[in-house]
Amino acid sequence: PADIATAADALEDGRQLTSPQEYTLLISALGRCRMIGRAVGVLHRMIRDGPEPNTFHFNAAISACEACADWARALQIFEMMPRHGVPRDVVSFNAAISACSKGGKWEEAVDLLRRMAPLSISPNVVSVTAAIDACARSSQWERALCLFDSMP
């Protein structure tokens, strides 16, 4: 993790990140090292200074939150997407649902699952199993079984 932080400092301070893909890689690497504050900070700097973040950047930041079970921050970033004109995709929902599951927030996970269809985003096995996991972790067995029966 220290190496990642040092590399992140050097890359950001020197403005050596030149492509959107490099920003995605940085956010993902920071998230894998559980440096959630740094990962989210990169996204916020992109929003403020550019380059303009896209779905991949937001998804990487949500996934970083998910890795640390920070469901509240994951949902905050998820809800920022439309305000910044960034479309959500199934990966956005899956990462947010998984963050809620890890944070013991089954109602939020199920709500996210329900919000997919009106946006013409089809839940996949990952979406449904993450919501089932959220219910199971909270002893909501009947709800988990209903979700299991609805799996794609």
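Before going into details, it helps to say that this report is about the structure given with it. In this text the structure is predicted, and so the values were computed from the model without any measurement.

Describing the packing of helix α6 (residues 90–102) against helix α7 (residues 106–116)
Reasoning step 1: In the contact formed by α6 and α7, the axes pass within 8 Å of each other and the chain directions differ by 165 degrees. In terms of orientation, α6 lies roughly antiparallel with respect to α7. As α6 runs across α7, the sense of the crossing is left-handed. Here Val-90, Phe-93, Ala-96, Ile-97 and Cys-100 of α6 lie close against α7, whose contacting residues are Glu-108, Ala-109, Leu-112, Leu-113, Arg-115 and Met-116.
Reasoning step 2: Grouping the amino acids of the contact of α6 with α7 by side-chain chemistry returns 9 nonpolar, no polar and 2 charged.

Focus on the environment of Ile-97
Reasoning step 1: You can see Ile-97 is positioned in helix α6.
Reasoning step 2: Assessed through its relative accessible area of 0%, Ile-97 is described here as buried.
Reasoning step 3: What Ile-97 contacts, discounting residues up to four positions off in sequence, is Ala-109, Leu-112, Leu-113, Met-116, Ser-127, Ala-130 and Ala-131.

A look at the packing of aromatic side chains
Reasoning step 1: Tallied over the full model, the rule gives 1 aromatic pair.
Reasoning step 2: With a centroid separation of 4.9 Å and an interplanar angle of 75 degrees, the aromatic rings of Phe-78 and Phe-93 are classed as edge-to-face. Placement of the pair is Phe-78 in helix α5 (residues 71–83) and Phe-93 in helix α6, with a sequence separation of 15 residues. An identical accessibility class is assigned to Phe-78 and Phe-93; each is buried.
Reasoning step 3: Looking at Arg-88, its charged tip hangs above the ring of Phe-78, at a distance of 4.0 Å from the centre.

Some words on unusual backbone geometry
Reasoning step 1: In this structure, the amide linkage connecting Gly-50 to the following residue, Pro-51, adopts the cis form with an omega of -5 degrees.
Reasoning step 2: Among the structural elements, Pro-51 can be located in the loop between α3 (36–49) and α4 (55–67).
Reasoning step 3: Residues other than glycine seldom take positive phi values, yet Ala-69 does so here, at roughly 60 degrees.
Reasoning step 4: Within the secondary structure, Ala-69 sits in the loop between α4 and α5.

Reading the values: rules and limits
Residues numbered from 1 in each chain as written. Predicted model: local features only at pLDDT ≥ 70, side-chain atom pairs only at ≥ 80, totals over all residues. Heavy atoms only, no water. Axes fitted to C-alpha atoms, helices over the stretch in contact; angles between N-to-C directions. Helix = DSSP H or I, 4+ residues; strand = E, 2+ residues; numbered from the N terminus. Parallel < 35°, antiparallel > 145°, perpendicular 65-115°, else oblique. Left-handed = near helix turned anticlockwise from the far one by under 90°. Contact = heavy atoms within 4.5 Å. Nonpolar A, V, L, I, M, F, W, Y, C, P; charged D, E, K, R; others polar. Buried < 20%, exposed > 50% of the residue type's maximum accessible area, 1.4 Å probe, protein only. Phe/Tyr/Trp six-rings, centres within 6.5 Å; stacked < 30°, edge-to-face > 60°. Lys NZ or Arg CZ within 6 Å of the ring centre and 35° of its normal.

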